[in-house]
Each structure stands twice: as structure tokens, then as C-alpha cells.
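Tertiary structure, described
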Amino acid sequence: MNDTLSFFSGFGPRDFLFLGEAALRTLWISVIAISIGTGMGVIFGWLLFEGKLLATLTLGPVLDVFRSVPLLIQLVLFYNFAPMVGLNLAPFGSGVVILAIYTAALVASVARGGFEAVGVPMRRASRSLGMSYWQDLRHVVMPIGMRAVFPAWVGVALGVMKDSALVSVLGYVELLKASQILITRTQQPLLILALAGAFYFALSYPISRYAARLEERWEQ
Amino acid sequence: MITISGLHKYYGALHVLQGIDLSVEKGEVLSIIGSSGSGKSTLLYCINGLEPIQQGQVTVDGVDVHAKGTDINKLRQNMGMVFQQWNSFPHLTALENVALAPRIVRKKSRAEALDIAAKQLEHVGLADKLNVYPNALSGGQQQRLAIARALAMEPGYMLFDEATSALDPELVGEVLDTMRLLAEEGMTMICVTHEMSFARDVSDRVAYFHQGVMEEIGPPAQIFGDATSAHTRKFLANVR
Ligand SMILES: Nc1ncnc2c1ncn2[C@@H]1O[C@H](COP(=O)(O)OP(=O)(O)O)[C@@H](O)[C@H]1O
Ligand SMILES: [Mg+2]
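What counts and how
- Residues numbered from 1 in each chain as written.
- Chains lettered and ligands numbered in written order.
- Predicted model: local features only at pLDDT ≥ 70, side-chain atom pairs only at ≥ 80, totals over all residues.
- Heavy atoms only, no water.
- Helix = DSSP H or I, 4+ residues; strand = E, 2+ residues; numbered from the N terminus.
- Rg over C-alpha atoms; globule rule 2.2 N^0.38 Å.
- Areas by Shrake-Rupley, 256 points an atom, 1.4 Å probe, with all protein chains shown as cover.
- Contact = heavy atoms within 4.5 Å.
- Buried area = accessible area lost by both parts, 1.4 Å probe.
- Salt bridge = Lys/Arg side-chain N within 4 Å of Asp/Glu carboxyl O.
- Pairing = 2+ DSSP bridges.
- Axes fitted to C-alpha atoms, helices over the stretch in contact; angles between N-to-C directions.
- Expected span 1.5 Å × (residues − 1).

1. Concerning the overall build of chain B
Within chain B one finds nine helices and 10 strands. A compact globule built from 240 residues would reach a C-alpha radius of gyration of about 18 Å, and chain B, at 18 Å, matches this within 12%. Structurally, chain B occupies a C-alpha span of about 55 × 45 × 30 Å along its principal axes. Taken as a whole, chain B presents about 9,800 Å² of accessible surface, with 48% of it coming from carbon and sulfur.

2. Digging into the interface of chain B and chain A
The interface is formed by 25 residues belonging to chain B together with 19 residues belonging to chain A. Around 1,900 Å² of area is buried between chain B and chain A when both sides are counted, 62% of it from carbon and sulfur atoms. The largest per-residue losses of area from chain B upon contact with chain A belong to B:Phe89, B:His91 and B:Ile104, which jointly make up 26% of the total buried on that side. The interface formed by chain B and chain A contains one salt bridge. Of the charged contacts, one joins B:Glu51 and A:Arg124 as a salt bridge, the two residues approaching to 2.6 Å between their closest N and O atoms.

3. Remarks on the sheet that holds strand 10 (residues 213–218) of chain B
Residues and elements named next belong to chain B. Here six strands make up an open sheet; going across it, the order is 6-7-8-3-9-10 and the pairing mixed. A strand with exactly one partner marks an edge of an open sheet, and here the two such strands are strand 6 (79–82) and strand 10. Strand-to-strand, the axes of this sheet are offset by a mean angle of 15°, without reference to chain direction. Those strands touched by helix 9 (residues 230–239) are strand 3 (29–34), strand 9 (205–210) and strand 10, and its axis lies near 100° from that of strand 9.

4. A closer look at helix 2 (residues 13–50) of chain A
Its 38 residues give helix 2 of chain A an end-to-end C-alpha distance of 54 Å, which sits within 8% of 56 Å, the value for a rise of 1.5 Å per residue. Looking one or two residues beyond helix 2 of chain A, the residue adopting positive phi is A:Lys52, at roughly 40°.

Structure below.
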């Protein structure tokens, strides 16, 4: 009886919790996808930077595809075609895979810029101290280069977090999907969309503040 | 001892070093002078293996720098290099700049590496700048930091590539003084320089490079007073 009543009832405290949980799911899928995607992207960026011809001819165009095809299309295509090759992924899994690849494609060019930001003279200086290629990369090139492109990376990360809303088309109940469910029931779209927007802001703002603080510290 | 024999170096079709024969004894200070583009920097890069060579041989303490099996990273630990641009690591304090290579290359403990770093910074007169980041240092201080960073590897040789050329005139003196100090301590040094007073007063020998050829080498008195090559005399007349 209660259930039928609440089917068309107004927005209540429990709905707020429901949105909050969905926001955590947005955060969760974003954190996983951005972490994996960033790791892959830095490696791709390094390949583009170092592999020169071969990587530019092979990896470059592939990443371009992922960068330029709308994420929504990638998600739907992957979700529907992956089972044909025996990959039966849940909406969450599919979302992570595509978001991570998308992130990697974006991060690759950011990271490449970071590697390029460290000039040959700097690298000669560290190599002249007896550092190996990898020691130079790990202790000199990465810290300097990745700090140089950190603001661009934060932009990518925040963008991917917002774009994770598109995973809702696969049925994963993250913030946007949760809002749609609530809107259907409560018929209060403005309130709920405003709340969802506030949740997205609450997720992004601490990240951009923290990033700004880090940058300030590196400035000194 | 550094021995260079029959060294030829090309950048593509450009014949940058055209048969260099030169040896530097332990404890010697050699200054290399010559106009821009004559191959001085390239020679230093060929000595520590930052650039490959096409013909000839470079040996350091008997080890062939360009041989296939040579552990070039090990060899470079024994050969500090200071560049025109100081290339401080901007993300590390002065102390960490100097401690990095001892720690990761020499595998010293953190405490030991910091200890070495503090000593070398004191050595070059930066004892009061240990915890300062490079962008708060002047060019002259950053160049002394670069010298300390190289010295922290306890090298047997030091290569200087126009270490003072990028500095404001008022900062040149402090860096030259540091180089002088090293020379007095008996460091084996090859100094590419445009500072003729340094070349004359500090070096045991001076070499003049002209278009990829070592035109003349000898004690400062001979090069500055009694050069045999017309190119050398012309160059020296112009820089004075
Ligand atoms: N990486 C490089 N690629 C091509 N040409 C170079 C490179 N480095 C130096 N050169 C050229 O080699 C010549 C010698 O350069 P360099 O050794 O820097 O002279 P110096 O230090 O005496 O001014 C110059 O003509 C310079 O343009
Ligand atoms: Mg030069």
C-alpha cells in the first residue's frame, strides 16, 4: 500500500540519500576509470614522445578515434558489441572500460606535452650525473613534466567525471540516472536537477581546490 | 687520464670534429677557447658519451667511452659536467638537487646522501641555501649548485661548458672563483671558456679550436704570448 502511495509522492529525505549514494557511484566509477586511464595515458604519452615514428603512425590515429567519437556512441557500441566477442560486462564494467580508454586518449596528449616540456639540456644534465635513462625519467622528467601539465590533467579528470553521466544510458545508477528515476516519480525535475548539479559541484570543487593548492605549493 | 685520438664527429653531413688528438693528464687544467660553432661543446659531449662519435677513440682511465660493452652510466659518475645553462632540478631544494644522484645512482642511504650534499654545498659557498628551491637562487648561485651537484658524485674529472656564459656579468666572478678553487684542490678539469683571464691564470694548457680542428695547444704563456697559428692570433686579438 505504502509503495503504491509513494510511487508518485514528492521528494523526501530518503530520496536525498538515494541521490547521495548515486553521487558516490559517480565518484567511484570516475575514480577507477580516471586512475586506470591516467596510467595508460601516461604510458601512451611516453610512447608517442619516445617512439616517434612508429607510435605516431599506429597509436596516434587509434587515440584520435577515441578522442573524437562521442563518448555516448562509444559506450553504446561497446556495451552491445562486447558480448559478441565473449566479453559479458555489466554496465559498470563497460562504463569503466570505455571511460578509462577515453581518459587514456585524452591524457596521452597531455602527458606527451609533459615529456616534451623537459628539454634536452635538462636531460643531458641528469644523464651526465650517471643516471640511467629510467632514473632520469623517474626522478627528473616525470616530476618536472607532469607538474607542468598537471592543470591540464585536472581539466581532463573533471571533464571525465562529468562525462561519466553518460554511463547512465547503460542503466548504471549513477547521479544522472538516479535523478531521472526520481524525476519520473516525483515530477519535480527542477528541484532534482538542481540537487544533482549541486552534487556534481560538491564532487568537483574539492578536487579543483586541492589541485590549486598543490600548484601553489609547487610554485615556490 | 683522458685520451682522445683521431676523433671525428658528424652531425648528419656536418663534419663538426675533424680528427682531434688530445690527452689530459690527471690533475691538469685544460682550457679550450675558440669561436662559437667550432665544436667545443661537442667535444665535451663526446668525452662523456652524451654524443656518439663516428671515428676515433676516447678513453678515460683506459676505458673506451664509445665501446659497445662500456657501462657509460658508471663512467659518467667519474666525470662531472657543468653546462652553460645550469639546469637545476626545479622540483627539488638545493640540498635535494645535490643529494639525488648520490642516492639513486650511488645507492647511498638518504642520510648519507644529504650529508654529502650539505658538504658540497658548503664547498661552493651555498651553506646558507640548503633548503631553498632553485628559482629563489640567482644564476650564479644556481651554477654553483650545479657544480656541487656534479662534485657530489666524487668525480675524478670535471668538464665545464662555458659555465659562465649565460650569467649576468656581476655573477661571473663567484662561479670562476669556485672553478679556481677546484683547480687549486687538484681537480682534473677541461674548461670550455670565453674568460681569457681564467684560461691564462688557471690552466696548465690552453687549446684553441677553429672549425672543428684543434689548431694549437700549449701553455698559456705560449698561446697568449706567442701563438703560431694566424687564426689563434686573430681570435685573441678580437676577444681582447
Ligand atoms: N645536435 C646538433 N645537431 C646538429 N648540429 C649541431 C648539433 N649540435 C651542434 N651542432 C652544430 O655543430 C657545430 C659545433 O657546435 P658546438 O659544438 O656547439 O660548437 P661550440 O660549442 O664551439 O660553439 C655548430 O655548427 C652547431 O651548429
Ligand atoms: Mg658551446
